[in-house]
Amino acid sequence: MPSPTQRALARVPVRLRPFLVRHRRLVKFLLVGGLCFVLTLVVDVQLKATVLEHKPVVALTVATVIGTAVSYVLNRCWSFRADGHRREALLFLLVSAVAIAVNDVPLVVSRYVLDLREPFVGPVVQEAADFLSGMVLGTFVAMLFRYWAMRRWVFTRPAARPGAGPAAAPTAGSALLRTPPPEPGYAATEVPRGMPPDMP
């Protein structure tokens, strides 16, 4: 039975499929990021409208922490398909802490350096500045940092496929001759037209 990813890929124009498969980790990461962006925005607005009305930086931080927790689960299980281990969780916490700080910096600058807050500006300008600095600029910069750091330090060990035995140690020169197996959920590499099939 086709996986959800394969069913979604079947609806994409044929010309775009090779690009999406080639950059599937980035595409998945961006989809997860979009979902978590909406979640963070909703939580941030609710907190600013209720218990943290006069503490916008705290509201954004709490909302970002919640969104980050959701993104960890989705990225580990889907975007990067990585096995969980203690070192991974610790590195993810460290990367996320830095990303949250990066996310907060534009809002701090907007509010307390540029004074884009009441009574210096009107409420509409204040909320627009908060959204553009915290949710747009801050999230974008933090997303770039998080994607780079996750690929570099966190999700470095791919998950083992069901039923697959332990991987054999590569021999000298075998890495250059062997084509890596396709990632689960994607079709195997196609043989170019005109190429004769492998002889037994």
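Cut-off values and rules
- Residues numbered from 1 in each chain as written.
- Predicted model: local features only at pLDDT ≥ 70, side-chain atom pairs only at ≥ 80, totals over all residues.
- Heavy atoms only, no water.
- Helix = DSSP H or I, 4+ residues; strand = E, 2+ residues; numbered from the N terminus.
- Buried < 20%, exposed > 50% of the residue type's maximum accessible area, 1.4 Å probe, protein only.
- Areas by Shrake-Rupley, 256 points an atom, 1.4 Å probe, with all protein chains shown as cover.
- Polar contact = N/O pair within 3.5 Å; in protein donor to acceptor, adjacent residues only side chain to side chain.
- Contact = heavy atoms within 4.5 Å.
- Phe/Tyr/Trp six-rings, centres within 6.5 Å; stacked < 30°, edge-to-face > 60°.
- Expected span 1.5 Å × (residues − 1).
- Bend = angle between axes of the 7 residues up to and from the residue.
- Axes fitted to C-alpha atoms, helices over the stretch in contact; angles between N-to-C directions.
- Left-handed = near helix turned anticlockwise from the far one by under 90°.
- Nonpolar A, V, L, I, M, F, W, Y, C, P; charged D, E, K, R; others polar.
- Core = buried A, V, L, I, M, F, W, Y, C linked by side-chain atoms within 4.5 Å.
- Salt bridge = Lys/Arg side-chain N within 4 Å of Asp/Glu carboxyl O.

Student: Could you give an account of the overall build of the protein, naming the residues involved and the relevant values?
Tutor: Secondary structure assignment for the protein yields seven helices and zero strands. Of all 200 residues assigned to the protein, the portion counted as buried reaches 28%. Summed over all atoms, the accessible surface of the protein reaches about 13500 Å², with 69% contributed by carbon and sulfur.

Student: Explain the side chain of T64 to me, using residue names and the numbers behind them.
Tutor: Structurally, T64 is set in helix α4 (residues 56-79). A polar side-chain atom of T64 sits 2.6 Å from the main-chain carbonyl oxygen of L60. Filtering out sequence-adjacent residues up to four positions away, T64 remains in contact with T40, I100 and N103.

Student: Quick rundown of the side chain of Q126? Include the residues and the values.
Tutor: In this fold, Q126 is placed in helix α6 (residues 123-154). In this structure the side chain of Q126 is engaged in a polar contact, spanning 2.8 Å, whose partner is the backbone nitrogen of E118. Setting aside its immediate chain neighbours within four residues, Q126 contacts R111, L116, R117, E118 and V121.

Student: Lay out the packing of aromatic side chains with the relevant residues and their values.
Tutor: One pass over the full model with this rule turns up three aromatic pairs. Their ring planes at 55° and their centres at 4.8 Å tell us that F29 and Y147 sit as a pair that is tilted. Of this pair, F29 sits in helix α3 (residues 24-49) while Y147 sits in helix α6, and the two are 118 residues apart along the sequence. Overall, the relative accessible area of 17% leaves Y147 in the buried class.

Student: Tell me about α6, residues and numbers included.
Tutor: Between its first and last C-alpha, α6 extends only 41 Å over 32 residues, short of the 46 Å set by a 1.5 Å rise per residue. Bending of α6 peaks at approximately 30° at the position of G138.

Student: Let's hear about the packing of α4 against α6: which residues, and what values?
Tutor: At their nearest, the axes of α4 and α6 sit 12 Å apart, and the two run at 35° to each other. As α4 packs across α6, the resulting crossing turns out to be right-handed. Contacts from P56, L60, T68 and N75 in α4 reach D130, G134, M135, R146 and M150 in α6. For the contact of α4 with α6, a count of residues per class yields four nonpolar, three polar and two charged.

Student: Which residues make up unusual backbone geometry, and what are the values?
Tutor: Apart from glycine, the bulk of residues carry a negative phi angle, and the bulk of peptide bonds sit in the trans form. P119 follows E118 through a cis peptide bond whose omega is 5°. Looking at the secondary structure, you find P119 in the loop between α5 (86-113) and α6.

Student: So what's going on with the nonpolar core? Which residues, and what values?
Tutor: Side chains of nonpolar character tend, in soluble globular proteins, to be buried together. Of all hydrophobic cores here, the largest spans nine residues; its members are F29, Y72, F80, F92, V95, Y147, A149, M150 and V154. Ranked by residues supplied to this core, first place goes to α6 with four residues. The contact partners of A149, leaving out residues within four places of it in the chain, are V95 and V154. Judged by nonpolar contacts, the second largest core, of five residues, contains V43, L47, L52 and A63.

Student: How would you explain the pattern of salt bridges if you had to name every residue and give the values?
Tutor: As enumerated under the stated definition, the model contains four salt bridges in all. With a shortest N-O distance of 3.0 Å, K48 and E127 are connected by a salt bridge. On the criterion of sequence distance, the pair formed by K48 in helix α3 and E127 in helix α6 is long-range, its members being 79 residues apart. Taking the shortest distance from any N to any O, the salt bridge between R111 and D130 comes out at 2.6 Å. Of this pair, R111 sits in helix α5 while D130 is found in helix α6, placing the two residues 19 residues apart along the sequence. The same class applies to R111 and to D130, which are both buried. If you follow the salt bridges from partner to partner, you end up with K48, R111, E127 and D130 in one network.

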